[in-house]
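Geometric and topological summary
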Amino acid sequence: MTAIITKPLLKEASFRSSTSQDYGALVYKATKTDDDNGVIDLEIDDNSSSFSIISSSSQDDGGDKNEATKNTISQQILSLALPALVSLAIDPLMTIADTAFVGRYSAPNDPYPLAGLGSAAALLVFSFYVFNFLATATAPLVANRRASSDEAGAIRVGGQALSLAMVLGTVLTLILLTFRTSLLHAMGTSVTGPEADHYGEQFLAVRALAAPAVLLCSASNGILRGYLDTKTPTIILLGSNAINLLLDVILVAQLEMGPLGAGIATTVAEWIAALSFLGVLSGKLPSADGGKIANGESVAPVLELPKWTDIRPLVVASSAVFLRSIVLQVAMSSAAAMAARSTAESDIIASGASSSVAAHQIALQLWLLCSFLCDALATASQALVADGIGRKDAETVRTVSRTVFNWGLGLGLTLSAVLWIGTESNFLVDFFTSDVGTRIELTKLLTIVILAQPLNSFVFAADGVLQGAEEFAYQAKSMALSVLTAFFVFAALEYTPLLIESNDTLVNVWLGLIALQAMRALTSLVKLIEQQGPINLLGRQPSK
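Anyway, here's the lowdown on the structure attached to this text. Every value quoted in this text rests on a predicted model; they were computed, and no experiment measured them.

Parameters at a glance
Residues numbered from 1 in each chain as written. Predicted model: local features only at pLDDT ≥ 70, side-chain atom pairs only at ≥ 80, totals over all residues. Heavy atoms only, no water. Helix = DSSP H or I, 4+ residues; strand = E, 2+ residues; numbered from the N terminus. Buried < 20%, exposed > 50% of the residue type's maximum accessible area, 1.4 Å probe, protein only. Contact = heavy atoms within 4.5 Å. Salt bridge = Lys/Arg side-chain N within 4 Å of Asp/Glu carboxyl O. Polar contact = N/O pair within 3.5 Å; in protein donor to acceptor, adjacent residues only side chain to side chain. 1 Å grid on protein atoms, 1.4 Å probe; cavity = no way out; pocket = protein on both sides within 12 Å on 5 of 7 lines; lining within 4 Å. Points joined across faces, edges and corners; volume = space filled by probe spheres on them. Nonpolar A, V, L, I, M, F, W, Y, C, P; charged D, E, K, R; others polar. Phe/Tyr/Trp six-rings, centres within 6.5 Å; stacked < 30°, edge-to-face > 60°. Lys NZ or Arg CZ within 6 Å of the ring centre and 35° of its normal. Expected span 1.5 Å × (residues − 1). Patch = residues over 30% accessible without salt bridge, like charges linked within 9 Å, V, L, I, M, F, W, Y side chains within 5 Å. Areas by Shrake-Rupley, 256 points an atom, 1.4 Å probe, with all protein chains shown as cover.

Along its length, the protein chain carries 18 helices and four strands. By the burial criterion, 51% of the 544 residues in the protein chain qualify as buried. Taking the intrachain contacts of the protein chain between residues at least 6 apart in sequence as the baseline, contacts between residues at least 24 apart amount to 74%.

Printed below as a string of structure tokens:
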């Protein structure tokens with residue numbers, strides 16, 4: 001028999017049990033052939049002389065082997081996507097819980113508490129999300145140093161990330177508290193009436209105090225991902241979500257504190273999560289697998305800033321991600337502000353505007369939750385595509401991409417079906433609000449949210465594939481073009497009444513968001529099928 005080493009597989013730690021501590025070992029794929037043309041696939045550990053048979057077949061079974069490869073990739077995608085799914089869904093679930101409790105336990109036909117919370121929540125989503133580069137930048141920096149056995153360097157980078165999170169979080173808190181009235185008016189509370197403005201200020205004043213905690217959680221998540229630990233963040237965030245839910249029951253449902261109580265519940269939960277992360281990183285609390293980070297060493301905030309030469313490549317990529325996040329959040333925040341200015345009539349009526357904002361807030365939170373679920377596939381595809389490109393394995397890159405898009409289509413259709421059932425049974429409307437005006441506005445938006453899910457799933461899957469190919473600059477330009485398209489579509493619908501029979505500003509806002517996603521899908525598809533591009537999804541060969 002002869003053994004032929006064909007290509008290295010992914011890092012062992014990427015897909016094997018989290019109990020494995022041999023993160024640096026490479027696993028190689030070998031093929032043995034005998035005189036009967038039998039083929040045996042082996043895994044050979046770089047750090048040992050042992051090997052294991054992973055498949056055995058005849059060379060005539062090419063179709064079976066291809067099917068087995070696809071199944072293996074699907075398993076790898078699930079192994080990465082499921083933990084990410086839990087982590088990504090937890091944060092929007094907190095806001096959904098606040099939205100549901102405030103909507104359900106407000107006075108009958110009183111849209112103002114939910115309208116105020118909606119405007120403040122949209123502002124906070126914008127403020128917190130633009131700093132997601134704390135996790136994006138930190139994870140690879142820590143991972144690179146850890147993989148090169150530079151534990152001291154990994155710990156130092158982690159400490160710098162925590163310090164940066166604390167500084168940025170403190171500055172953000174001061175800005176939100178100092179300019180909260182002006183910021184809320186920009187989000188539309190000046191139109192929804194003084195009652196909604198009052199509730200929005202209450203919620204924002206309390207939630208602003210959690211800014212350092214939110215950014216600490218983001219940086220800590222990046223550090224733990226750098227140590228290949230995705231289980232600990234999931235457990236911590238699950239626990240904080242349970243605390244938020246319990247406090248919502250006490251403060252909103254029992255004590256009837258409205259948006260103020262919801263703000264207190266979420267702020268307390270986020271600070272508990274941040275302190276838990278710091279406890280794990282400092283070695284005072286065990287991680288999810290019972291161990292401690294960096295062989296018992298502690299990661300704590302430091303005053304030293306990283307060298308420019310160390311972080312320059314990542315800063316360039318993170319800048320593109322930051323710009324893309326800014327552009328997207330400006331679009332979403334503008335949508336919330338326009339929703340505040342929309343009414344069922346053409347006149348400015350505070351109660352009508354409040355119903356529009358309340359309905360927009362509910363629909364947006366459902367939209368964001370579904371988006372985070374789809375984003376789990378993006379997380380998986382990013383890692384797998386990056387590995388394939390790094391190994392110059394174009395076929396694997398295409399197979400991973402196609403598999404992710406198949407999964408994305410299934411997820412999108414499933415989400416549409418679930419939302420449709422919830423809408424037809426009136427469960428979603430009854431769950432979130434009892435206000436008549438809000439219920440009417442929400443019903444119109446839910447149809448759009450349902451129909452958009454397959455499109456959303458493709459957009460997020462494509463995001464992950466292109467991020468794995470490091471097409472950050474292209475994605476930033478694509479997002480800018482998509483937002484311009486959304487504003488153009490909204491303006492056309494809003495100010496050209498001949499295009500539609502009845503002009504409804506709130507519906508036009510959401511049709512603009514659909515246009516944004518459609519342009520993102522189109523521009524992503526162009527790059528995905530580009531013959532000279534990093535993906536070349538169709539596998540076209542250059543013409544001779």
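Moving on, we get to the pattern of salt bridges. A side chain of one charge can pair with a side chain of the opposite charge if their charged atoms are brought near each other. Summed over all chains, the structure comprises seven salt bridges. Residue lysine 444 pairs with glutamate 441 through a salt bridge whose shortest N-O separation is 3.3 Å. One end of the pair, lysine 444, and the other, glutamate 441, are both in helix α16 (residues 436-468), three residues apart, so they sit about a helical turn from each other. Looking at glutamate 441, the relative accessible area reads 7%, which means it is buried. Here glutamate 530 and lysine 527 are joined by a salt bridge, their closest N and O atoms 3.2 Å apart. Accessibility expressed as a relative area gives 32% for glutamate 530, which makes it partly exposed.

Positive phi, close to 55°, is recorded for glutamate 256, a residue that is not glycine. Taking relative accessible area as the criterion, glutamate 256 reaches 64% and is therefore assigned exposed. Notably, asparagine 426 is not glycine yet its phi reads approximately 65°, a positive angle.

Another point: the side chain of glutamine 475. Structurally, the position occupied by glutamine 475 is in helix α17 (residues 472-495). Among the polar contacts made by the side chain of glutamine 475, one reaches the side chain of aspartate 463 at a distance of 3.2 Å.

This model, assessed by the stated rule, comprises three cavities of 30 Å³ or more. Taken together, 13 residues line the largest cavity, and the ones lying closest to its centre are Gly103, Ser106, Asp110, Thr433 and Asp435. Looking at the lining of the largest cavity, its residues break down into five nonpolar, six polar and two charged.

Before going further, it helps to spend a moment on the packing of aromatic side chains. Across all of its chains, the model carries five aromatic pairs by this definition. Considering the side-chain rings of phenylalanine 431 and phenylalanine 432, the 5.1 Å spacing of their centres and the 85° angle between planes classify their relative orientation as edge-to-face. A residue is classified by how much of its surface remains accessible, and phenylalanine 431, at 38% relative accessible area, is partly exposed. Note on phenylalanine 432: relative accessible area 2%, which makes it buried. Ring-pair connections join several aromatic residues into one group, and the members of that group are Phe427, Phe431 and Phe432. Between the NZ or CZ atom of arginine 520 and the centre of the ring of phenylalanine 460, over which it lies, the distance is 5.6 Å. Of note, lysine 527 hangs over the ring of tyrosine 474, and the distance from its end group to the ring centre comes to 4.8 Å.

Assignment of secondary structure puts isoleucine 96 in helix α2 (residues 62-104). In this structure isoleucine 96 comes out as buried when scored by relative accessible area, which is 9%. Residues isoleucine 96 and leucine 366, 270 residues apart in the sequence, show an inter-C-alpha distance of 7.7 Å. Ignoring sequence-local partners within four residues, the contact set of isoleucine 96 consists of Gln365, Leu369 and Phe432.

Attention now goes to helix α3 (residues 112-129). Between its first and last C-alpha atoms α3 spans 26 Å; for 18 residues at 1.5 Å apiece the expected length is 26 Å, and the two agree. Burial analysis of α3 places 15 of its 18 residues in the buried class, which makes it a mostly covered element.

Attention now moves to a nonpolar patch on the surface. Taken together, the side chains of Leu245, Leu246, Val249, Ile250 and Leu255 define a hydrophobic patch exposed on the protein surface, amounting to about 420 Å² of accessible area. One can find leucine 245 in helix α10 (residues 231-254). With a relative accessible area of 43%, leucine 245 lands in the partly exposed category.

Moving on: the environment of serine 298. Examined against the element boundaries, serine 298 turns out to sit in the loop between α11 (258-281) and α12 (308-340). Note on serine 298: relative accessible area 38%, which makes it partly exposed. Setting aside residues up to four positions removed in sequence, serine 298 forms contacts with Ile155, Leu281 and Ser282.

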